[in-house]
Amino acid sequence: MSCSVPTDDLTPAQARAIRAVPAKRPTRWWWAIAFAIVVGWMLWSLGFGRRDVVNGGGWTFVGSFFSAAVRPELSPDFLRSLWADTLTTIGFAMLGTLLAVAIGLIFGFLSSGTVWRSQQGGIVRLSGWRLGRLLLAIPRGIHEIVWGLFFVGVLGMNPLVAIFALGIPFGAITAKVYAELIDDASIRTFGTLTAAGASTTSAFLYGIVPIVSRDMVAYAFYRLECAIRSAAVVGFIGAGGLGFRLAQSNSGNAYREVWTVLYVLVILCLIGEQWSALVRTRDSRKVLVSSVAIGSALCIWSWFRLGIHPSTLWSERSRSSLALVGSSAWPPRLPGGGWMTLATETKATIQMSVLAMGLATTFGVMLALGAQRSGRQRSVGRRGLGVVLRFLILTVRAVPVTLWALLVVLIILPGILPGAIALAIYTAAVLARLFGEGLENSDQQVRSGLTALGGANIGTFAYGALPAVAPGWASAALYRWEVTTRETVVVGMVGAGGLGRVLQSQFTSFDYRGVLFTLLALIALTVAVDMVSATLRKRLR
């Protein structure tokens, strides 16, 4: 069934676009309604809006924090030290991204269904593909801050801590994306080469890589943008850079210094975002080659700037520390309280992630609609609002989720609710950017046609744009759900509850056997969320 709007006054392209709009699929709306009911029930059950969950005294600290935004610390001494921290953070992000891309290339190849289908023997193909996916799920399920704590125990306060903490989980994520790019590419040349007797590796290099290389490079620069933000999170554990400076200033209530650091993070994230967008949107070999050359030069500079010494990895101290951590963590054991505690905190983690995604998706859509560049912007005020909202989205994304959690816990008593709200604030900004890009890159013919017929903004969006972008928005939100599940660890460590709170207690008491068991539970939960997310994405297409 097609749209039956009269098309006499439209251009031929607009008329064809409107006639091509498929009938609405009611099942999608039932999914949305059911999800809204679940989120509403969770908010009510967790006490949202009740006075007994609010800490009135915390508003004073929150007010002091935001009032300092207009008076950042700009003393010469502080700015000089901040410049050194900025260079350190850039070095962490560059080398962390380099490691992630290297891991992504290797394991993206090893976990690709296309590559394994070229092997002989059904059992070999199936077991090899599953093993590759399993290997990726393990590091992907552990947050970078947990990786950082592990490497601090092995390497001490060494710049390699931040690089590995960023590179390993980001590498697993990159490998998953690269494997999907390989599997979605045309395999005609690859199949011809393998049929002619070429090895799988040679056929991959000459038959697949030329097709997916641009997308791989573009994703690497997007991962660099993410690494800049995550480098600040890793700094909270003492790895150095802007994150460590931010943690120090915040713990001393030096909010003017905090805002200076945040503004620097915003600038770095803006540069990374624009660079990433340039590589992804400009179909120019010159842009691609020059970006890779600049990135390579920055990686070499970062290596010497941070003073990386690979010999640290096999030093006597590192070997003995690794052996000590390994012996202390094996065999894994249940946390205090046994299976009941584990089940309760796992349930809290799931609730936190689902509630965070419900709130984030709602506000992400609102922000994306307000900040969009395309569409009708009939007044200077409307354009000004878009600029303000885009800056707000960038700023919220630049603030580490740990800091959002610390602020929310000041005004809402510790538990699932403040953790979900903190994650929702950060994730809403991430989704707003993804939703906005999807809306701006979508075909505007239907919406333009309805506008030409005199439709109002709300109506033209609901019938002209929403049917086209809704599946992509749902997929982006479901992809983000897996990331949010991992990030519950960060907010849990500052008192928000869930498995993160269990981990914090175990780290504090040096219960590494308990830490290992909790991490295994978190990995299993991440894999389960990933499977549910993949199933829902297929149902919503």
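Residues numbered from 1 in each chain as written. Predicted model: local features only at pLDDT ≥ 70, side-chain atom pairs only at ≥ 80, totals over all residues. Heavy atoms only, no water.

1. Comments concerning the overall build of the protein chain
Rule in force here: Numbering of helices and strands runs from the N terminus, with a helix taken as a DSSP run of H or I at least four residues long and a strand as a DSSP run of E at least two residues long. The rule is simple: take the accessible area with a 1.4 Å probe, protein chains only, and divide by the maximum for that residue type; under 20% is buried, over 50% is exposed, in between is partly exposed. Contacts are residue-level and defined by heavy atoms, with any inter-residue pair within 4.5 Å sufficient. The method behind every accessible area is Shrake-Rupley, applied with a 1.4 Å probe, and residues are considered shielded solely by the protein chains displayed.
Summing up its helical and strand segments, the protein chain has 23 helices and zero strands in all. Here the protein chain, with 541 residues, has 51% of them falling under the buried criterion. Excluding contacts between residues fewer than 6 apart, the proportion of contacts in the protein chain whose partners are at least 24 apart in sequence is 78%. Accessible surface for the protein chain amounts to roughly 25700 Å². Of this, 67% is attributable to carbon and sulfur atoms.

2. A word on the confidence of the model for the protein chain
Rules: The predictor reports its confidence for every residue as pLDDT, a score running from 0 up to 100.
Per-residue pLDDT for the protein chain averages 76, and the proportion of residues at 70 or more is 76%. Taken element by element, the predicted model of the protein chain shows its lowest mean pLDDT in helix H1 (residues 12-19) (41) and its highest in helix H4 (residues 76-110) (90). The low-confidence segment residues 1-26, where pLDDT is below 50, has 35 contacts with residues more than four positions distant or belonging to other chains. Every residue in residues 452-456 is under pLDDT 50, and counting partners more than four places away or in other chains gives seven contacts.

3. Describing the packing of H4 against helix H8 (residues 159-184)
Stated precisely, the cut-off is as follows: A fitted line through C-alpha atoms serves as each axis, taken over the contacting stretch for helices, and the angle formed by two N-to-C directions is quoted from 0 to 180°. Angles below 35 degrees are treated as roughly parallel, those above 145 as roughly antiparallel, those between 65 and 115 as roughly perpendicular, and all remaining angles as oblique. Crossings are assigned a handedness: left-handed for a near helix turned anticlockwise from the far helix by less than a right angle, right-handed for a clockwise turn. Residues were grouped as follows: Ala, Val, Leu, Ile, Met, Phe, Trp, Tyr, Cys and Pro as nonpolar; Asp, Glu, Lys and Arg as charged; and all remaining residues, including Gly, as polar.
Taken N-terminus to C-terminus, the directions of H4 and H8 make an angle of 40 degrees; their axes are 6 Å apart at the nearest point. As the angle between them shows, H4 and H8 are arranged oblique. Judged by the sense of rotation from one axis to the other, the crossing of H4 with H8 is right-handed. Class assignment of the residues belonging to the contact of H4 with H8 gives a composition of 22 nonpolar, six polar and no charged.

4. Brief notes about H8
Selection rule: One fewer than the residue count of a helix, multiplied by 1.5 Å, yields its expected span. To get the bend at a given residue, fit one axis to the seven residues ending there, fit another to the seven starting there, and take the angle between those axes. Here a polar contact means two N or O atoms within 3.5 Å. Within protein one must be a hydrogen donor candidate and the other an acceptor candidate, and residues neighboring in sequence count only if both atoms are side-chain atoms.
For H8, built from 26 residues, the straight-helix expectation of 38 Å at 1.5 Å per residue is met to within 8% by its first-to-last C-alpha distance of 37 Å. Where H8 bends most, at Gly171, the angle is about 25 degrees. In terms of residue burial, H8 counts as a mostly covered element, since 21 of its 26 residues are buried. The N-cap of H8, judged by a side-chain oxygen 2.9 Å from the amide nitrogen of Leu160 a few residues on, is Asn158.

5. Remarks on the nonpolar core
Where we set the bar: As used here, the term nonpolar core means buried Ala, Val, Leu, Ile, Met, Phe, Trp, Tyr and Cys residues forming a set that is joined through side-chain atoms within 4.5 Å.
With 134 residues, the main nonpolar core has Phe65, Val146, Leu262, Val491 and Leu503 as its most contacted residues. At 18 residues, the largest contribution of residues to this core is made by helix H11 (residues 209-239). Discounting residues that sit within four places of it in the chain, Leu503 has contacts with Val146, Val489, Met493, Val515, Thr518 and Leu519.

6. Things to note about the packing of aromatic side chains
As a reminder, the rule being used: Ring pairs are drawn from Phe, Tyr and Trp, using the six-membered ring of Trp, whenever the two centres fall within 6.5 Å, and their geometry is named by plane angle: stacked under 30 degrees, edge-to-face over 60, tilted for the rest. In this scheme, the term charge over a ring applies when either NZ of a lysine or CZ of an arginine sits within 6 Å of the ring centre and within 35 degrees of the ring normal.
For the structure on display, the rule yields 14 aromatic pairs. Ring centres 6.2 Å apart and planes at 55 degrees place the aromatic pair Phe66 and Trp259 in the tilted group. Remark: Trp259 occurs in helix H13 (residues 255-281) and Phe66 occurs in helix H3 (residues 58-67); sequence separation between them is 193 residues. Judged by relative accessible area, Phe66 falls into the partly exposed class, the value being 40%. Aromatic pair Trp259 and Tyr263: ring centres 5.6 Å apart, planes at 40 degrees, arrangement tilted. You can see Trp259 and its partner Tyr263 sitting in helix H13, four residues apart, about one turn around the helix. What makes Tyr263 partly exposed here is its relative accessible area of 29%. Members of the aromatic cluster, joined through ring pairs, are Phe65, Phe66, Tyr255, Trp259 and Tyr263. In this structure, Arg223 packs its charged tip against the face of Phe170, placed 4.6 Å from the ring centre.

7. Some points on the packing of H4 against helix H12 (residues 241-251)
Helix-helix packing is described using two parameters, namely the angle between the two axes and the distance between the axes. In contact at an axis separation of 6 Å, H4 and H12 are set at 135 degrees when each is read in the N-to-C sense. In terms of their interaxial angle, H4 and H12 are classed as oblique. Along its contact with H4, which presents Phe78, Ser81, Leu82, Asp85, Thr86, Thr88, Thr89 and Phe92, the element H12 presents Gly241, Leu242 and Arg245. Broken down by class, the residue content of the contact of H4 with H12 amounts to four nonpolar, five polar and two charged.

8. Description of a nonpolar patch on the surface
What counts is decided by this rule: Patches here: salt-bridge-free residues with over 30% relative accessible area, like charges joined within 9 Å, nonpolar side chains (Val, Leu, Ile, Met, Phe, Trp, Tyr) joined within 5 Å. Any carboxyl oxygen of Asp or Glu within 4 Å of a side-chain nitrogen of Lys or Arg constitutes a salt bridge here.
Together, Leu131, Leu134, Leu135 and Ile138 give the surface a local cluster of nonpolar side chains, amounting to about 360 Å² of exposed area. Summarising the element assignment, Leu135 is placed in helix H6 (residues 122-140).

9. Some words on the environment of Leu324
You can see Leu324 is positioned in helix H15 (residues 316-329). Residues Leu324 and Val154 lie 170 residues apart in sequence; the distance between their C-alpha atoms is 8.7 Å.

10. Observations regarding unusual backbone geometry
At the junction of Trp330 and Pro331, the peptide bond is cis and its omega measures out at -5 degrees in the coordinates. Looking at the secondary structure, you find Pro331 in the loop between H15 and helix H16 (338-371). At Asn253, a residue that is not glycine, the phi angle is positive and equals roughly 55 degrees. The phi dihedral of Phe510 is positive, around 55 degrees, even though this residue is not glycine. Within the secondary structure, Phe510 is located in the loop between helix H22 (499-508) and helix H23 (512-540).

11. A word on the pattern of salt bridges
Tallied over the full model, the rule gives twelve salt bridges. Here Glu144 and Arg486 are joined by a salt bridge, their closest N and O atoms 2.9 Å apart. Here the residue Glu144 occupies a position in helix H7 (residues 144-155), and Arg486 occupies one in helix H21 (residues 457-496), the gap between them amounting to 342 residues. In this structure, Glu225 and Arg229 form a salt bridge, with 3.4 Å as the shortest nitrogen-oxygen distance. Of the two residues, Glu225 and Arg229 both sit in helix H11, four residues apart, roughly one turn of that helix. Each of the two residues, Glu225 as well as Arg229, counts as buried.

12. Overview of the environment of Ala84
Residue placement: Ala84 occurs in helix H4. Put simply, Ala84 and Gly241 are 157 residues apart on the chain and 7.8 Å apart in space, counted from C-alpha to C-alpha.

13. Topic: the state of the cysteines
By definition, a disulfide is the covalent link that joins the sulfur atoms of two cysteine residues. Note the threshold: Pairs of cysteine sulfur atoms within 2.5 Å are identified as disulfides in what follows.
Scanning all chains against the criterion turns up zero disulfides. Cys269 provides the cysteine sulfur closest to Cys226, a residue in no disulfide bond, and the two sulfurs are 9.2 Å apart. A relative accessible area of 9% places Cys226 in the buried class.

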